[in-house]
Amino acid sequence: MAVNYAVMKTKNPGKNAVAGTTYFHGRAVKTSDYDFEDLAGDVQMSTTMTEADVLGVLRAMKAYIVKALLAGRVVVLNDIGRFQISLKGKCYSQDAMAASDFSPSAMITGHRIVFRPEAKLKNAIAGALTLKRVTSEALA
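Below you will find a few notes about this structure. (Residues numbered from 1 in each chain as written. Predicted model: local features only at pLDDT ≥ 70, side-chain atom pairs only at ≥ 80, totals over all residues. Heavy atoms only, no water.)

Examining the environment of Ile80
- Note that Ile80 resides in the loop between strand 3 (75-77) and strand 4 (81-89).
- Excluding residues that lie within four positions of it along the chain, Ile80 makes contacts with Phe115, Pro117, Glu118 and Leu121. (Helix = DSSP H or I, 4+ residues; strand = E, 2+ residues; numbered from the N terminus. Contact = heavy atoms within 4.5 Å.)

Laid out in structure tokens, this is it:
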């Protein structure tokens, strides 16, 4: 199987952009979703567990991942990757406000869940990655 990609126009490729120049880049295009049920069905075919067993484990894992992230922990799935919470917020200078006056409701504007893949996962993808160009509607 190959990863589909399309060539897309880029509005702002960075600080070295030349005014009046049109830029393009390759972007991965998804073919479909692969959800818990799909994963459970595939795992069932290669193990002695039933699809219901696998779904139960996956749903329990999700609940415990949420619990660990909310407790400020980094969730490490060996050979797969790490999940952790990252915060977005406003910066302030020491002259503008003392650290003791920091108000999280005013200064922290959002959060993300960050996933960092382990080297083994990255290497498995890199070793098997092939690309297939698909039509780009952005160029039509």
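Picking up after the structure, the text goes on.
Notes on the sheet that holds strand 6 (residues 131-133)
- On the basis of which strands lie adjacent, the open sheet formed by 3 strands has the order 2-1-6 and mixed pairing. A single partner strand is all that each edge strand has here, and the edge strands are strand 2 (23-29) and strand 6. Sheet twist, expressed as the average angle between the axes of neighbouring strands with direction ignored, equals 40°.
- As defined by bridge partners, strand 1 (residues 3-10) adjoins strand 2 across 7 bridges and the pair is classed as antiparallel. Note on strand 2: the bridge partner recorded for Val7 is Gly26. (Pairing = 2+ DSSP bridges. Axes fitted to C-alpha atoms, helices over the stretch in contact; angles between N-to-C directions.)

What to know about the packing of helix 1 (residues 36-46) against helix 2 (residues 51-70)
- At their nearest, the axes of helix 1 and helix 2 sit 8 Å apart, and the two run at 130° to each other. Here helix 1 lies oblique to helix 2, going by the angle between them. Relative to helix 2, the crossing made by helix 1 is right-handed. Taking contact as the criterion, the partners of Phe36, Glu37, Leu39, Ala40, Gly41, Val43 and Gln44 in helix 1 are, on helix 2, Glu51, Val54, Leu55, Leu58 and Arg59. (Parallel < 35°, antiparallel > 145°, perpendicular 65-115°, else oblique. Left-handed = near helix turned anticlockwise from the far one by under 90°.)

Some points on the pattern of salt bridges
- This structure, assessed with the given rule, holds 4 salt bridges.
- When the shortest N-O distance is used, the salt bridge between Asp79 and Lys120 registers 3.4 Å. Of this pair, Asp79 sits in the loop between strand 3 and strand 4 while Lys120 sits in helix 4 (residues 119-128), placing them 41 residues apart in sequence.
- With a relative accessible area of 45%, Asp79 lands in the partly exposed category.
- Its relative accessible area of 58% is what places Lys120 among the exposed residues. (Salt bridge = Lys/Arg side-chain N within 4 Å of Asp/Glu carboxyl O. Buried < 20%, exposed > 50% of the residue type's maximum accessible area, 1.4 Å probe, protein only.)

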